[in-house]
Amino acid sequence: DGNVWYTSHKSRYFGKLDPKTGIVTEYALPLTPGAMPGTHHVAVDKSGVAWLSEVWAHNLVRLEPKTKQITQIPVELKSPTNNAGFSNFGLAPDGSIWDARDGSVNKLDPETGKIVQRFPLKTHDTYDNTISSDGKYWAGGAPGGGGNSLELLNIKTGQMLVLTTGPSPSNPRRG
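About the thresholds
Residues numbered from 1 in each chain as written. Predicted model: local features only at pLDDT ≥ 70, side-chain atom pairs only at ≥ 80, totals over all residues. Heavy atoms only, no water. Helix = DSSP H or I, 4+ residues; strand = E, 2+ residues; numbered from the N terminus. Rg over C-alpha atoms; globule rule 2.2 N^0.38 Å. Buried < 20%, exposed > 50% of the residue type's maximum accessible area, 1.4 Å probe, protein only. Contact = heavy atoms within 4.5 Å. Areas by Shrake-Rupley, 256 points an atom, 1.4 Å probe, with all protein chains shown as cover. Lys, Arg positive; Asp, Glu negative; His and termini not counted. Charge placed at Lys NZ, Arg CZ, Asp CG, Glu CD. Pairing = 2+ DSSP bridges. Phe/Tyr/Trp six-rings, centres within 6.5 Å; stacked < 30°, edge-to-face > 60°.

**Considering the overall build of the protein chain**
Secondary structure assignment for the protein chain yields 0 helices and 15 strands. The C-alpha radius of gyration of the protein chain comes to 16 Å, within 12% of the 16 Å expected for a compact globule of 175 residues. Taken along its principal axes, the extent of the C-alpha atoms in the protein chain is 45 × 40 × 30 Å. Out of the 175 residues belonging to the protein chain, those deemed buried represent 40%. Once local pairs closer than 6 in sequence are excluded, the contacts in the protein chain between residues at least 24 apart make up 39%. Split by element, the accessible area of the protein chain, about 9100 Å² in all, is 53% carbon and sulfur. Here the protein chain holds 18 positive side-chain charges and 16 negative ones, and the gap between their average locations is 1 Å.

**Looking at the sheet that holds strand 11 (residues 115–120)**
Pairing within the open sheet is antiparallel, and its 4 strands lie in the order 8-9-10-11. Edge strands, defined here as strands with exactly one partner in the open sheet, are strand 8 (90–91) and strand 11. Bridge count for strand 9 (residues 97–101) against strand 10 (residues 104–108) is 5 bridges, and the pairing is antiparallel. Its bridge partner lying in strand 10, W98 is registered against K107.

**Some points on the packing of aromatic side chains**
Considering all chains together, one arrives at 4 aromatic pairs under this definition. An angle of 20° between the planes, with centres 5.3 Å apart, marks the rings of F14 and Y27 as stacked. In this pair, F14 is assigned in strand 2 (residues 13–18) and Y27 in strand 3 (residues 23–28), connecting sequence segments 13 residues apart. Exposure class is identical for F14 and Y27. Each is buried. Between F86 and F89, the ring centres sit 5.7 Å apart and the planes meet at 15°, which makes this aromatic pair stacked. Accessibility expressed as a relative area gives 0% for F86, which makes it buried. A relative accessible area of 1% means that F89 is categorised as buried. Put simply, the rings of W5, F14 and Y27 touch in pairs and so form one group of aromatic residues.

Here it is, written out as C-alpha cells:
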C-alpha cells in the first residue's frame, strides 16, 4: 500500500510512515516479562498484515493494521530469552515464515511459531532470509561473522547450493 514500515531495535516501538501524507503511526508491543524489548525485522503480507520479529523475547509478532490487534507468537528456539534468537525472517507467498539458525533453514507455522520443516545448512547460519516471489527458493547471505558466500535452497527438491560472492568478503546485511 506504499507505506514504509520500520522497527526500532531494543525498543518496544515500531511503526509505519505514509509517504503520501507524512503521517507516522506508531505501535507499542506488550512487554514480555524478563525479556529485553526490541523488534528487528518487518514484512507485510498481501493482505496488509505486518509481521515482525521480537529478537530478545523470541516472538513472531502479527499486527492487523485495520483493527490494530497485536498477537505475539512464541517461536520454537533452543536459546534462552535475551540471547539473539529469532530476528531476520522471510515471508513466503503462502504465508509461511522462514528463518535460518542452529544449522538449518526452518519453515515456521505462522499461527504457532513451531518448526514444520527443516533443511540443513552448509554453513552454521546466515544473515537474512529471503523467499523468491514464486515461493520456490529460499536464500540467505553471509553469516553474522562475515564471509563470502550465500546459500540458495530449492524448496521443492531440498537441494542447497553454496554460492561465492567473490574474493572479497561480503558483510552480513539484509538483502
